[in-house]
Amino acid sequence: MRSGLVLFAATLAGISVPTFAQASSPDAWKEFNAQVEQKCAEAAADMFRKPQVAVDPVGSENFGLAIVFGRSKDVKGRAAVICVVNKKTGVLELGTEMSNDIVRVRKPKDDDKDDKDDGGQSGAD
């Protein structure tokens, strides 16, 4: 009897506790992504003159993910850092600053300009 109750409880727990991705509405994702963008920009404010943040729309199972980039205060050029935010705790971590010799960092183009420049084939280098 007890083992049946334990099995039932374990099954119920597995069904009733969906992951963040399964349980979240589009509005919840929008709000979470806005929080990731704000937290990452604030955390990297000492590293960049005007930090820009590109948020991964879904992130990983456990983390919100973003790339913070811009003109570095230290490197004298464009650079980027990886920013992760724990979905459960909200704790944020930044990676180390990566300059152009490690990762290519370019200022994003306007959507209209992309269409004119490359026939809508954005990202084709």
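This structure is a prediction, so every number in the text was calculated from the model and none was measured.

Colleague: Can you walk me through the state of the cysteines in this structure?
Modeller: The bond known as a disulfide is covalent and runs between the sulfur atoms of two cysteines. All chains considered together, the criterion is met by one disulfide. Here Cys40 pairs with Cys83 through a disulfide, and the sulfurs are 2.0 Å apart. Measuring handedness by torsion sign, the sulfur bridge of Cys40 and Cys83 sits at about -85° and is left-handed. You can see Cys40 sitting in helix H3 (residues 26-43) and its partner Cys83 sitting in strand E3 (residues 78-86), a full 43 residues away along the chain. Its relative accessible area of 0% is what places Cys40 among the buried residues.

Colleague: What am I meant to see in the pairing of strand E2 (residues 63-71) here?
Modeller: Within a regular beta strand, the side chains point alternately toward one face of the sheet and then the other, so they alternate between its two faces. In this sheet, E2 lies alongside strand E1 (residues 52-55) in antiparallel orientation, the contact comprising four bridges. Bridging across to E2, Gln52 finds its partner in Phe69. Of the pairings in the sheet, the one linking E2 to E3 comprises nine bridges and is antiparallel in character. The residue bridging Leu65 from the neighbouring strand is Val84, located in E3. Hairpin connection between E2 and E3: a loop of six residues separates the two successive antiparallel strands, and Lys76 in this loop has a positive phi of roughly 60°.

Colleague: Got a minute to help me understand the confidence of the model for the chain in this structure?
Modeller: For any part of a model where pLDDT is low, the fine detail of the predicted coordinates should not be relied upon. Across the chain, pLDDT averages 76, with 66% of residues at or above 70. In the model of the chain, helix H1 (residues 2-16) stands out as the element of lowest mean pLDDT, 37, in contrast to strand E4 (residues 92-94), which has the highest, 97. Note on residues 1-23: pLDDT is under 50 here. Beyond four places in sequence and across chains, it has six contacts. Every residue in residues 111-125 is under pLDDT 50, and counting partners more than four places away or in other chains gives nine contacts.

Calculation notes
- Within every chain, residues take consecutive numbers counted from 1 along the sequence as written.
- Reporting in this predicted model follows two pLDDT cut-offs: at least 70 for local features of residues, and 80 or more for side-chain atom pairs to be given and counted; totals over whole chains, interfaces and linings ignore these cut-offs and use all residues.
- Values reported for side chains reflect all heavy atoms of the structure, with hydrogen atoms and water molecules removed beforehand.
- The term disulfide is used for any two cysteine sulfur atoms that are within 2.5 Å.
- Helix numbering and strand numbering both begin at the N terminus, where a helix is a DSSP run of H or I of at least 4 residues and a strand a DSSP run of E of at least 2.
- Accessibility here uses a 1.4 Å probe with only protein chains present; expressed as a share of the type maximum, an area under 20% marks a residue as buried, one over 50% as exposed, and anything in between as partly exposed.
- The criterion for strand pairing is that DSSP finds at least two bridges linking the strands in question.
- Per-residue confidence from the predictor is given as pLDDT, running between 0 and 100.
- Here, residues are in contact when the closest pair of their heavy atoms is within 4.5 Å.

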